[in-house]
Structures are given as C-alpha cells and as structure tokens.
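# Coordinates in review
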Amino acid sequence: MSQQTTGTDDTGRGHLLVHDPTLRDGHHAVRHQLTAAQLRGYAEAADAAGVPVVEVGHGNGLGASSLQAGPARLSDEEMLSVVREALPHSRMGVFMLPGWGTMRDLRRAVAHGADVVRIGTHCTEADLAERHLGLLREAGVEAHGVLLMSHMASPAQLADQCARLVSYGAQGVGILDSSGHYLPADVTARIAAMRAAVDVPVMFHGHNNLGMAVANSVAAAEAGADILDACARGFGAGAGNTQLEVLVPVLARMGWRTGIDVYRLLDAADVAERELMPKPPTIDSVGIVSGLAGVFSGFKNRVLDISARQDVDPRDVFFELGRRQAVAGQEDLIVDVAVGLRERRAGRGGQTG
Amino acid sequence: MKPNGRLSVAVLGAGLIGIDLAAKVARSRALECRLVVARAADTPGLRQARASGLATATDGVGSLLAADEPFDVVFDATNAMAHVEHAGLLGPLGSTLIDLTPSQVGHMVVPTVNGAEAVGHRDINMVSCGGQASIPLLHAITRRHRVDHVEVVTTAASRSVGRGTRLNLDEYVETTQDAVRDLTGVKDVKAILNISPARPPATFRVATSMVGQDLTPESVRAAAEEAAGRVRAYAAGFEITACVAEGERAFVAVEVAACGDRIPRYGGNLDLINSAAVHVAELIADAHGSAPAVPTAGTETS
C-alpha cells in the first residue's frame with residue numbers, strides 16, 4: 001500500500017468507506033447477463049484489493065428481474081452464493097427497492113450472507129422503506145436507506161427524508177445521482193444539508209453523464225460524506241458510474257484513507273474491463289442527453305431498442321421522458337413516448353423533427 | 001336493509017381512500033352512508049366528512065361494534081394488518097365486509113371479471129388499484145390468446161398514496177400477483193409498484209406486458225378496448241394509452257384519471273378501487289332487493 005500511494009499529499013483528512021456496486025449497477029450495462037464466472041472473477045479481484053463492500057445483484061436490486069427492467073441471467077440466490085464465496089475479506093452488499101422486491105427477498109439475501117443491505121426509494125418517498133429497514137435491524141444486518149432520483153428534491157427535502165430513514169432504523173443514508181445530472185455545487189449543498197440532519201454515515205453515488213462523477217464524489221467527501229460509491233471502469237448504466245480506480249487515488253492525493261491497495265485495485269479494474277464488459281462506458285450522445293434531461297441512465301438500452309423500432313430519435317425520447325419526469329422503474333413509459341413522437345410526426349405530414 | 005331499500009353502510013378509515021369512499025357512498029342510490037370512523041378525533045379526513053354532513057366516530061372498529069344495529073356493509077379502508085382483526089370482530093355481526101386493503105383475507109373481486117361472485121361472500125377483497133386496472137384487460141386478452149407470463153407495473157403519484165398503502169407495499173405486490181393468477185389462469189406473474197415523486201403529479205398508470213403466442217395488435221386491442229369500455233361504466237377516466245403486440249409479446253398501458261369527488265385528477269388509483277368497491281356494494285344491494293335471504297357463509301363457492 002505505502003509503495004503504491006507514494007507521491008500523495010497526505011494531509012490526514014481521515015477515512016472514507018468506498019462501496020463498490022460494479023456487480024449490481026454495472027449489470028444495467030450488460031442487460032443483467034453476467035455469468036457466475038464473471039461475478040466470481042471480479043469479486044475475487046476486488047476482495048484482493050481490499051475493497052470494503054462489494055455489492056451484487058440485478059441492476060434494480062433484489063427481486064427486480066423482470067420484463068420491465070430486463071430479466072437477469074442468474075437468480076438472486078445464485079448471484080449471492082457465488083459472490084459470497086469469492087469474498088473472504090470484503091463485506092457483501094445488496095440493494096432493494098420496495099415495490100420491486102419484498103421482505104421475502106430480504107430474508108433470503110440475509111440467509112445468503114448479505115452483510116450490508118440498502119433499501120432504496122425515490123427521493124421524497126423514504127417512508128416506503130420503514131418496514132423493510134425494521135426487518136433488517138431485527139435480522140441484525142447493517143441497514144442503509146438511500147434516495148434515488150435525488151436531483152428531483154431540494155437539499156432541505158433530502159435532509160428531512162434522511163432523518164426519517166434514520167428514525168426507521170437506517171444506520172447509513174445517502175443519495176443517488178440516478179440521472180448523472182448533478183454539478184459539484186448541487187452535491188455540496190445536498191450532502192451538507194444531509195450531514196447536518198443526521199448523525200449516521202452519509203453516502204453519495206454518482207453517474208458520469210456530464211463527466212462530473214469523480215468531481216461530484218470529491219465535492220461530496222468535502223461536504224461531509226463518509227461513503228462513496230464507485231464502479232470499476234465506471235461500469236454502469238449509460239455513461240457509467242464514478243470510476244473506482246480513478247476515485248481512490250484521487251482521494252489518496254487529497255489525504256483521505258480508504259484502505260484500498262491501489263495496484264491491486266488497478267488490477268481489479270483491468271479484470272473488469274477484460275471480463276465484464278464489451279467496452280468500458282463512454283459518454284455518448286444519449287448519455288449526455290439523459291443527464292441533461294434528468295432521466296435515469298438505466299433507460300438507455302430500452303430507449304435505443306424502442307426508438308429504433310419506432311424510427312424516432314432517441315434524444316427526443318429522452319427529453320420527452322424528462323419533461324414527463326419519468327423516474328427509475330418507469331421503463332414502461334418509453335413505449336408510450338416513442339409511439340407518441342412517431343404519431344406526432346406522422347400527423348405533421350411525415351416530416352422528421 | 002333499510003325501509004328506503006338502501007343498504008346501511010359504514011366506512012372504517014378516514015384517510016385518502018375512506019373519505020372519497022364516503023362521498024361516493026353518499027351519492028349512491030342503493031347505499032346509505034351512516035357512519036365514517038377513524039381512530040383519532042381531529043384528522044383532516046374526519047373533519048371533511050363532518051363538514052359534508054356525515055356522522056362520524058373516533059373509536060376505530062370499536063365504534064362499529066358499539067352501534068345499535070349492525071351495518072349491512074362495512075368498507076375497510078385501513079390497512080392489511082388491521083383488516084385481519086376487523087374481519088374477526090365484524091364477521092359474526094352479519095355485516096358484509098368490502099376490504100380495500102391488500103389483506104388477502106376475503107374473496108377477491110374485480111367487478112367486470114367476477115362481480116357476480118360478490119353476492120354470496122361476506123368478506124370481499126378489492127385486490128389493489130393495480131389489480132383493478134390490469135385484470136379486466138388481462139382477463140379479456142387471456143380469453144382470446146395463450147399467455148404464459150404476465151407483468152403488471154403500476155405507477156402512482158406520491159400524493160395519492162396514503163399511509164396504509166405505504167406500509168403495505170409487500171402486500172400490494174403479493175395480492176396483485178395472486179389475483180392476476182387466480183382471475184386469468186396465468187401461472188407466471190410479476191407485479192411491480194412505483195411511487196412517483198413527479199410534480200405536477202403523474203396520472204395513475206398501469207402497464208401490462210405479456211409473453212404468449214400469436215398476439216396480434218388487432219386482436220389484443222379489440223379485447224383491451226372492450227374490457228376498458230366495461231370498466232368505464234363505473235370509472236369514467238379509464239383510458240388505454242398504448243397497445244403494442246407482435247407475435248410473442250404484447251404491451252398494454254392504461255391511465256386512469258379521477259373524476260370528481262374528493263380526489264385530484266391524477267389520483268385515479270383511489271378513484272378506481274373506490275368506484276369498483278361501491279359498484280360491488282350496489283351489486284349486493286340489487287341482489288338483496290330481489291332475494292330477501294342473505295346467503296350464509298356455508299353457501300360460499302371459494
């Protein structure tokens with residue numbers, strides 16, 4: 001570790017926990033089709049690098065394999081069993097959205113060795129997590145509450161929602177920039193408000209649609225976040241997530257300790273690029289548009305498929321989804337929007353627009 | 001049964017659902033709303049009910065047990081856990097319970113599919129808002145086509161989802177899945193619920209996806225439109241917004257706008273399940289009018 005971090009300007013700013021959802025959020029990029037060998041290969045590499053928490057599952061979490069979000073290759077149990085065995089040191093994380101998964105899925109995940117469980121709700125809907133957080137606390141696992149599509153809520157609203165999550169038993173709270181919409185000042189305001197409202201660890205999860213994921217994560221750390229999410233090669237929906245092997249050395253240069261071995265982390269990222277993805281995420285045209293429009297990055301593949309079938313511009317589809325404030329989980333709106341755009345065009349005499 | 005031919009009704013629960021339900025019952029030619037009950041005196045819902053001239057009480061199910069005579073129909077608009085207890089207490093009094101929570105206790109009824117079965121059951125479950133929106137369409141389509149897998153995705157506006165529903169998301173998912181299975185015969189069913197924070201609020205929406213055989217757009221649309229027409233008899237804001245079919249896959253989405261009463265337009269989830277529940281109570285009232293004997297539990301067919 002000391003050798004690999006030589007050259008950092010260690011001012012001793014304390015410890016940050018890096019949480020790695022490569023095998024969960026990254027799943028969106030490959031339509032939830034990772035194999036047991038792929039899961040095992042990356043989990044072993046992340047464990048060897050000292051990544052403290054490795055999260056696994058369908059991109060939308062436990063119980064989410066579906067036509068709506070895409071069917072997964074493996075069952076939740078298969079994914080958890082494989083990754084659990086591949087993590088002799090790291091803790092295993094899982095994610096669940098109430099309304100997609102149920103307490104039955106949570107009990108099963110706990111039985112399969114999940115150590116850290118995140119319950120996600122949309123930004124102003126924290127009370128949907130109340131019973132699930134209660135169940136997890138009774139089961140004795142670490143339970144966090146996280147808020148999706150957080151750009152749709154103000155700093156004060158998010159702070160209030162986080163305080164509620166804590167009142168339901170959350171031992172950590174956080175926000176996801178599900179659309180990759182934030183600029184650093186947006187993150188600073190939100191994390192600072194949350195930090196002031198709760199006394200449990202605060203988390204930030206970035207997406208890179210506007211090229212801001214690492215900068216936003218740094219802003220979060222400086223505003224008081226304790227947990228940062230990042231994925232190897234940024235593996236994730238659309239333009240990808242915060243890039244793990246960039247974030248960790250950046251934090252080290254700023255004087256934050258993560259306990260992660262940088263050389264081995266770079267090795268793990270190479271494994272991820274070679275084994276998990278056809279190519280690393282890039283900020284392409286639809287990625288930029290979905291970030292600007294404030295639409296969940298996970299819509300990308302469905303928007304491209306349906307836009308091609310309906311012969312409409314996927315950028316128009318993203319902006320219209322943004323106008324309608326579609327949230328993660330509302331993939332069903334894509335068909336309505338694409339058909340509507342095509343019909344509108346036909347109504348104007350077949351002109352493209 | 002009252003001398004005026006109306007069934008006496010109590011509404012248990014004065015949240016978003018209970019208060020709209022009371023307004024709908026008050027308008028019904030076949031029902032008479034005699035009591036609206038909450039568990040606390042000063043809830044906004046109860047104040048609203050009083051302001052519109054309805055009798056109210058504040059001791060929960062105890063207020064119903066203390067009434068001089070049992071009500072013909074009790075609508076339960078509380079939550080799934082509470083309904084189990086309510087059914088145990090109210091059943092012996094002879095009231096017919098119409099349950100708007102996803103408790104899975106009573107006989108599940110969707111009016112256009114098995115409304116006739118409501119007469120003859122003493123505890124009737126209205127499934128869920130997503131079930132009331134999707135099952136009429138799915139039932140019609142699965143009568144004409146082989147369907148092996150069904151998925152129902154519901155999106156309701158944050159403001160239209162009250163405390164009881166928020167505590168019952170798991171029950172919502174499981175009850176909706178069970179009802180789709182029971183009433184369509186399709187074994188492989190998944191239900192998903194999104195609560196949308198969008199402002200202005202998004203109109204209640206239910207999208208159904210099907211995997212089967214020979215699903216043609218003409219046939220799927222005809223079945224769905226026919227079913228939607230039948231639902232509009234009691235929920236006028238029920239509209240198909242998308243219908244796509246291609247061989248093995250079909251997709252039908254509906255949006256339901258609320259029509260008047262206590263609910264803003266986006267809250268079609270509340271309007272639909274309440275309208276369906278009142279419709280069921282009216283079917284029971286009609287049956288009472290033509291057949292004096294109330295069927296006993298022993299004649300149930302479930």
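From a predicted model like this one, the values you see are computed outputs, not experimental measurements.

### Quick word on the interface of chain B and chain A
It is common to report an interface's size as the accessible area lost on association of the parts. Every contact between the two is made by 37 residues of chain B and, on the other side, 33 residues of chain A. When chain B packs against chain A, close to 2,800 Å² is buried across both sides, 52% of that on carbon and sulfur atoms. Taken as a group, Arg166(B), Asp170(B) and Pro197(B) account for 21% of the area that chain B buries against chain A, more than any other trio of residues on that side. Between Glu174(B) and Arg104(A) there is a salt bridge whose closest N-O contact spans 3.6 Å. Across the contact surface, chain B and chain A share 19 residue pairs in polar contact (both at pLDDT 80 or more). Among the secondary structure elements, those contributing two or more residues to the side of chain B that touches chain A are strand 8 (147-157), helix 7 (163-167), helix 8 (169-184), strand 9 (188-196), strand 10 (204-215) and strand 11 (238-256) of chain B. Counting residues per element, the side of chain B that touches chain A draws most heavily on strand 11 of chain B, at 8 residues. Its residues assigned to classes, the side of chain B that touches chain A shows 18 nonpolar, 7 polar and 12 charged.

### Topic: the sheet that holds strand 9 of chain B
Residue and element names in this part refer to chain B. If you trace the 4 strands from one edge of the open sheet to the other, you get 9-8-10-11, paired in mixed fashion. Strands at the two margins of the open sheet, each flanked by one partner only, are strand 9 and strand 11. On average, each strand axis in the sheet is inclined to that of its neighbour by 15 degrees, with strand direction left out of account. Pairing between strand 8 and strand 10: 8 bridges, direction antiparallel. Bridging across to strand 10, His149 finds its partner in Val211. This element, helix 8, spans strand 8 and strand 9 of the sheet and lies at about 140 degrees to strand 9.

### Focus: the packing of helix 11 (residues 300-310) of chain A against helix 12 (residues 314-323) of chain A
Residue and element names in this part refer to chain A. Helix 12 packs onto helix 11 with a crossing angle of 125 degrees between their chain directions and a minimal axis gap of 9 Å. In terms of their interaxial angle, helix 11 and helix 12 are classed as oblique. For the pair helix 11 and helix 12, the crossing hand works out as right-handed. On helix 12, the residues that touch Lys300, Val303, Leu304 and Ser307 of helix 11 are Pro314, Val317, Phe318 and Leu321. Taken together, the residues that form the contact of helix 11 with helix 12 break down as 6 nonpolar, 1 polar and 1 charged.

### Points about the packing of aromatic side chains
Residue and element names in this part refer to chain A. Taken as a whole and judged by the stated rule, the model has 2 aromatic pairs over all chains. On the basis of an interplanar angle of 40 degrees and a centroid distance of 6.4 Å, the ring pair of Tyr182 and Phe204 is categorised as tilted. Of the two residues, Tyr182 is situated in the loop between strand 7 (172-176) and helix 6 (184-197) and Phe204 in strand 8 (residues 202-205); the sequence distance between them amounts to 22 residues. Consider the rings of Phe296 and Phe299, whose centres lie 5.8 Å apart with planes at 80 degrees: the pair is edge-to-face. The two residues Phe296 and Phe299 agree in class, both being buried. The cationic tip of Arg24 hangs over the ring face of Phe95; the distance from NZ or CZ to the ring centre is 4.1 Å.

### Focus on the UniProt feature "site: Transition state stabilizer" (unreviewed entry) in chain A
Residues and elements named next belong to chain A. According to UniProt, the feature "site: Transition state stabilizer" (unreviewed entry) maps to Arg24 in the numbering used here. In this structure, Arg24 sits in the loop between strand 2 (17-23) and helix 1 (36-49). In contact with Arg24, other than residues within four places in its own chain, are Glu55, Val56, Gly57, His58, Gly59, Gly61, Phe95 and His205.

### Here we look at the domain arrangement of chain A
All names here are of chain A. Domain boundaries in chain A define domain 1 (14-275) and domain 2 (285-347). If you average the C-alpha positions of domain 1 and of domain 2, the two centres end up 26 Å apart. Contact with domain 1, which involves 22 residues of that partner, is made by 22 residues of domain 2. In this assembly, domain 1 packs against domain 2 so that about 1,700 Å² is buried in total across both faces, 51% of it on carbon and sulfur atoms. On inspection of domain 1 and its partner domain 2, the count reaches 1 salt bridge.

### Observations concerning the confidence of the model for chain A
All names here are of chain A. For chain A, the mean per-residue pLDDT works out to 94, and 95% of the residues sit at or above 70. In this model residues 1-7 is a low-confidence stretch, pLDDT under 50, and it forms 6 contacts with partners more than four residues away in sequence or in other chains. Across residues 349-353, where pLDDT falls below 50, the model places 6 contacts with residues more than four positions away in sequence or in other chains.

### Some remarks on unusual backbone geometry
With omega at -5 degrees, the peptide bond leading from Arg199(B) into Pro200(B) counts as cis. Mapping Pro200(B) onto the fold places it in the loop between strand 9 and strand 10. Residue Arg233(A) is not a glycine yet carries a positive backbone phi of 55 degrees. With respect to the helices and strands, Arg233(A) occurs in the loop between strand 9 (227-229) and helix 8 (244-254). What makes Arg233(A) buried here is its relative accessible area of 18%. Phi is positive for Val127(B), which is not a glycine, with a value near 65 degrees. The residue Val127(B) is located in the loop between strand 7 (123-125) and helix 6 (129-144) in this model. Judged by relative accessible area, Val127(B) falls into the buried class, the value being 1%.

### A word on the pairing of strand 3 (residues 53-56) of chain A
Residue and element names in this part refer to chain A. Here strand 3 shows a buried face lined by Val53 and Glu55 and a second buried face lined by Val54 and Val56. When strand 2 meets strand 3, the two strands line up parallel, connected through 3 bridges. Along strand 3, the bridge assignment pairs Asp20 with Val54. Handedness of the strand 2-helix 1-strand 3 crossover: right-handed. Taken together, strand 3, helix 2 (residues 76-85) and strand 4 (residues 91-96) form a β-α-β motif whose crossover is right-handed.

Cut-offs applied
Residues numbered from 1 in each chain as written. Chains lettered and ligands numbered in written order. Predicted model: local features only at pLDDT ≥ 70, side-chain atom pairs only at ≥ 80, totals over all residues. Heavy atoms only, no water. Contact = heavy atoms within 4.5 Å. Buried area = accessible area lost by both parts, 1.4 Å probe. Salt bridge = Lys/Arg side-chain N within 4 Å of Asp/Glu carboxyl O. Polar contact = N/O pair within 3.5 Å; in protein donor to acceptor, adjacent residues only side chain to side chain. Helix = DSSP H or I, 4+ residues; strand = E, 2+ residues; numbered from the N terminus. Nonpolar A, V, L, I, M, F, W, Y, C, P; charged D, E, K, R; others polar. Pairing = 2+ DSSP bridges. Axes fitted to C-alpha atoms, helices over the stretch in contact; angles between N-to-C directions. Parallel < 35°, antiparallel > 145°, perpendicular 65-115°, else oblique. Left-handed = near helix turned anticlockwise from the far one by under 90°. Phe/Tyr/Trp six-rings, centres within 6.5 Å; stacked < 30°, edge-to-face > 60°. Buried < 20%, exposed > 50% of the residue type's maximum accessible area, 1.4 Å probe, protein only. Lys NZ or Arg CZ within 6 Å of the ring centre and 35° of its normal. UniProt positions renumbered as here; feature names shortened; annotations may be inferred. Domains from an automatic or database assignment. pLDDT = per-residue confidence, 0-100. Right-handed = clockwise from strand over helix to strand, strands pointing away.

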